[in-house]
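# Commentary on secondary and tertiary structure
Take a look at the letters that make up each chain.
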Amino acid sequence: MLFRSDGGRPKVDAAISYSGTGNLPSNAGSYSADGAFAGNTNYAISTGTASIDISQATPASVTVTPLNVTYDGLPQATTAVVTGIDGVNLGTVPITYSTGDGGAPVDAGTYIATGTFPGNLDYASATGTATITIARATPTVTVTTVYVPEFNDQPHGTTGVVTGIEGVSLGS
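Fair warning: this is a prediction, and the values are worked out from it, not measured in the lab.

Calculation criteria
- Residues numbered from 1 in each chain as written.
- Predicted model: local features only at pLDDT ≥ 70, side-chain atom pairs only at ≥ 80, totals over all residues.
- Heavy atoms only, no water.
- Helix = DSSP H or I, 4+ residues; strand = E, 2+ residues; numbered from the N terminus.
- Polar contact = N/O pair within 3.5 Å; in protein donor to acceptor, adjacent residues only side chain to side chain.
- Contact = heavy atoms within 4.5 Å.
- Pairing = 2+ DSSP bridges.
- Core = buried A, V, L, I, M, F, W, Y, C linked by side-chain atoms within 4.5 Å.
- Buried < 20%, exposed > 50% of the residue type's maximum accessible area, 1.4 Å probe, protein only.
- Axes fitted to C-alpha atoms, helices over the stretch in contact; angles between N-to-C directions.
- pLDDT = per-residue confidence, 0-100.

We now examine the side chain of Gln76. For Gln76, the location among the structural elements is in the loop between β6 (67–70) and β7 (80–83). From its side chain, Gln76 meets the backbone oxygen of Leu74 in a polar contact 3.1 Å long. In this structure Gln76 touches Leu67, Val69, Tyr97, Ala104, Pro105, Ile132 and Ile134, once residues within four positions along its chain are discounted.

As structure tokens, this is what we get:
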């Protein structure tokens, strides 16, 4: 790259090169810019160096999708996406849950899902959280009808069963 200085005097050319790729630095890191002037009739050859430090950016967000579902006996996993500067999609990230084993919750209750972005060359690490709420399911209670053709002054009981999701017996 050439730099031209003017200021009312004849223009002179100075070449600037960058450490690393040789191109203008755009990723996080430390670079040096080396300038060189080849000299002319009035000036000697000269060089100079400056540092360029580009810090990692913090992702704009780690967005974990909240869930609000009813118990169905299945793990209730969610997703998370990381967004960088200018809305750049940095991808999905792993999720951990506030369960005993860190896996997706199954039982009714309220849980916290945490998405963790480990960071990369240009972005620092970040986390985001969301709530997962699993409401209790409503079981089916079936009571057996009893037919007594006429009053006989005797007690007449019945039976019943309680079933949950997918017909699972919860008792009788």
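Right, let's get into the pairing of strand β10 (residues 109–117). Relative to β10, strand β9 (residues 95–97) runs antiparallel, the two being bridged by three bridges. Bridging across to β10, Thr96 finds its partner in Thr114. By the bridge criterion, nine bridges tie β10 to strand β11 (residues 126–135) in an arrangement that is antiparallel. Among the inter-strand pairings, Thr114 is bridged to a residue of β11, identified as Thr129.

On to the nonpolar core, then. Membership of the largest hydrophobic core comes to 16 residues, with the highest contact counts inside it found for Val62, Val64, Val93, Ile95, Ala113, Phe117 and Ile132. It is β11 that provides the largest number of residues to this core, a total of four residues. Excluding residues within four positions of it along the chain, Ala113 makes contact with Val64, Thr78, Ile95, Thr96, Tyr97, Gly128, Thr129, Ala130 and Ile132.

This paragraph deals with the sheet that holds strand β8 (residues 89–92). Strand order in the open sheet made by the three strands is β5-β7-β8, with antiparallel pairing throughout. If you trace the sheet from one side to the other, it starts and ends with β5 (61–64) and β8, each paired once. Shown here is a sheet whose adjacent strand axes are inclined to one another by a mean of 20°, direction ignored. Pairing of β7 with β8, which is carried by three bridges, proceeds in the antiparallel orientation. By the bridge assignment, Val82 is partnered in β8 with Gly91.

Quick look at the sheet that holds β10 now. Judged by pairing direction, the sheet is mixed, and its four strands sit side by side in the order β6-β11-β10-β9 without closing on themselves. Edge positions in the sheet fall to β6 and β9, since each has one partner strand and no second. If you compare each strand with its neighbour and ignore which way they point, the axes differ by 25° on average. Where β6 meets β11, four bridges bridge the pair, whose relative direction is parallel. Bridging across to β11, Asn68 finds its partner in Thr133.

The next point concerns the pairing of β7. Only one face of β7 is buried, namely the one carrying Ala80 and Val82, since none of Val81 and Thr83 on the opposite face is buried. The turn linking β7 back onto β8 is made up of five residues, and Asp86 within it adopts a positive phi angle of 60°.

Among the secondary structure elements, Thr129 is positioned in strand β11. In this structure, the C-alpha to C-alpha distance between Thr129 and Val64, residues 65 residues apart in sequence, is 5.7 Å. In contact with Thr129, not counting residues within four places along its chain, are Val64, Ile112, Ala113 and Thr114.

A word on the confidence of the model for the chain. Within the chain, residue pLDDT values average 88, and 92% of them lie at 70 or more. Taken element by element, the chain is modelled with least confidence in strand β1 (residues 2–5), mean pLDDT 49, and with most confidence in β6, mean pLDDT 98.

Our focus in this paragraph is the environment of Ile132. As for its position among the elements, Ile132 is in strand β11. As for Ile132 and Thr110, which are separated by 22 residues in sequence, their C-alpha atoms are 5.7 Å apart. Discounting chain neighbours no more than four positions away, the residues touching Ile132 are Leu67, Gln76, Thr78, Tyr97, Pro105, Gly109, Thr110, Tyr111 and Ala113.

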